[in-house]
Amino acid sequence: MSKRDPKRLPHDFHLWTTVSATVEPLRRKGLLKLGHGTLPIPEPEPTPAIKAPPKMGSPKKPFLPPYQAPTQPVQVVEKNVDPAIHKKVRRGRIEIDGTIDLHGMTQVEARETLRRYIGARAARGDRTLLVITGKGAKTENDYVAAMTERGILRTMLPIWLSEPGLSHMISGWSLAARGHGGEGAWYVRLRRP
């Protein structure tokens, strides 16, 4: 953009005022005529009375809660279902008393849902449950650049079952047979009431 020649500025200004005088405005109220007299001085704003400081609203909820390190690391004890029982469940000789599907849930939702479900089923006297976690997202050539871990619910299930709130109700767990979901599902065996 080229700079204007300062010598032409007054000429342009007079040209503009001449042209604008021939135009009929849509609203007359509040318009100033250029080139006729001095500009009006704005009225000073009244001095406001001393105001109280603005109320501090409740702070907005952060997008993610701050990280809290676990107080005690949970020891994941491998509690495999008895091989004879696992074989009977796999072949259908022992009935599965209940099934829960955790697909599409966040870790927090899945953990809470699992706790409530196992508590209710243990109170009912059920023994064998099928917990479907899914295998996790998988991309072509198993390249997972954007994800931190594949199959987070599948990975976390044994940790959740080892926690003090559930471990006293659980007899054991193992991966389900292919007919029941394979790597994306678990057999969970509850203790006798």
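Residues numbered from 1 in each chain as written. Predicted model: local features only at pLDDT ≥ 70, side-chain atom pairs only at ≥ 80, totals over all residues. Heavy atoms only, no water.

Structural notes on the nonpolar core
Then, in step 1: If you look at the biggest cluster of nonpolar residues, it comprises 20 residues, and the most contacted ones within it are Leu 114, Ile 118, Leu 161, Ile 170 and Val 188.
Then, in step 2: It is helix H4 (residues 152-162) that contributes the most residues to this core, five residues altogether.
Then, in step 3: Apart from residues lying up to four places away in sequence, Leu 114 is in contact with Ile 100, Val 131, Leu 157, Trp 160, Leu 161 and Leu 166.
Then, in step 4: Counting nine residues, the second-largest nonpolar core is a separate cluster that includes Leu 130, Ala 177, Ala 185 and Tyr 187. (Core = buried A, V, L, I, M, F, W, Y, C linked by side-chain atoms within 4.5 Å. Buried < 20%, exposed > 50% of the residue type's maximum accessible area, 1.4 Å probe, protein only. Helix = DSSP H or I, 4+ residues; strand = E, 2+ residues; numbered from the N terminus. Contact = heavy atoms within 4.5 Å.)

Section: the pattern of salt bridges
Then, in step 1: Applying the stated criterion across every chain, the model contains six salt bridges.
Then, in step 2: For Arg 121, the salt bridge goes to Asp 126, with nearest N and O atoms at 2.6 Å.
Then, in step 3: Relative accessible area serves as the criterion here: at 9%, Asp 126 is assigned to the buried category.
Then, in step 4: Residue Arg 154 pairs with Glu 183 through a salt bridge whose shortest N-O separation is 3.5 Å. Separated by 29 residues along the polypeptide, Arg 154 in helix H4 and Glu 183 in the loop between strand S3 (170-175) and strand S4 (185-190) bring together distant segments of the chain.
Then, in step 5: With relative accessibility at 44%, the residue Glu 183 sits in the partly exposed group.
Then, in step 6: Ionic contacts of the salt-bridge type, sharing partners, join the residues Arg 111, Arg 115 and Glu 163 into one network. (Salt bridge = Lys/Arg side-chain N within 4 Å of Asp/Glu carboxyl O.)

Description of helix H2 (residues 83-91)
Then, in step 1: Where H2 is concerned, the buried positions are Ile 85, His 86 and Val 89. For H2, the buried positions fall inside an angular range of 100 degrees around the axis, keeping them on one side. Within H2, the exposed residues directed more than 90 degrees away from the buried face are Pro 83 and Arg 91.
Then, in step 2: Its buried side turned inward, H2 meets strand S2 (128-132), S3 and S4.
Then, in step 3: Count one or two residues on from H2 and you reach Gly 92, which has phi positive near 90 degrees. (Arc of directions from axis to C-beta.)

Describing the confidence of the model for the chain
Then, in step 1: Averaged over the chain, the pLDDT score is 75; the fraction of residues at 70 or greater is 62%.
Then, in step 2: Looking across the chain, the model is least confident in helix H1 (residues 9-21), with a mean pLDDT of 71, and most confident in helix H3 (residues 107-124), with 92. (pLDDT = per-residue confidence, 0-100.)

Quick word on the packing of H3 against H4
Then, in step 1: Between H3 and H4, the shortest axis-to-axis distance is 11 Å and the interhelical angle comes to 45 degrees. One element, H3, and the other, H4, form an angle in the oblique class. Read as a crossing pair, H3 and H4 show a hand that is right-handed. Of the residues in H4, those in contact with Gln 107, Ala 110, Arg 111, Leu 114 and Ile 118 of H3 are Ile 152, Leu 153, Met 156, Leu 157, Trp 160 and Leu 161.
Then, in step 2: Grouping the amino acids of the contact of H3 with H4 by side-chain chemistry returns nine nonpolar, one polar and one charged. (Axes fitted to C-alpha atoms, helices over the stretch in contact; angles between N-to-C directions. Parallel < 35°, antiparallel > 145°, perpendicular 65-115°, else oblique. Left-handed = near helix turned anticlockwise from the far one by under 90°. Nonpolar A, V, L, I, M, F, W, Y, C, P; charged D, E, K, R; others polar.)

Comments concerning the environment of His 103
Then, in step 1: Structurally, the position occupied by His 103 is in the loop between strand S1 (98-101) and H3.
Then, in step 2: Overall, the relative accessible area of 47% leaves His 103 in the partly exposed class.
Then, in step 3: For the pair His 103 and Lys 135, spaced 32 residues apart in the sequence, the C-alpha separation amounts to 9.6 Å.
Then, in step 4: Excluding residues that lie within four positions of it along the chain, His 103 makes contacts with Ile 132, Thr 133 and Gly 134.
Then, in step 5: Of note is the side chain of His 103, whose polar atom sits 2.6 Å from the side chain of Asp 101. (Polar contact = N/O pair within 3.5 Å; in protein donor to acceptor, adjacent residues only side chain to side chain.)

So, the sheet that holds S1
Then, in step 1: Within the open sheet, the four strands sit side by side as S1-S2-S4-S3. Their pairing is mixed. Only two strands of the sheet have a single partner each, and these edge strands are S1 and S3. Adjacent strand axes in the sheet meet at a mean angle of 20 degrees, parallel and antiparallel pairs treated alike.
Then, in step 2: Note that S3 and S4 share five bridges and pair antiparallel. Paired with Ile 170 across the strands is Leu 190, a residue of S4.
Then, in step 3: Lying on the sheet, H3 is in contact with S1, S2, S3 and S4; it crosses S1 at an angle near 175 degrees. (Pairing = 2+ DSSP bridges.)

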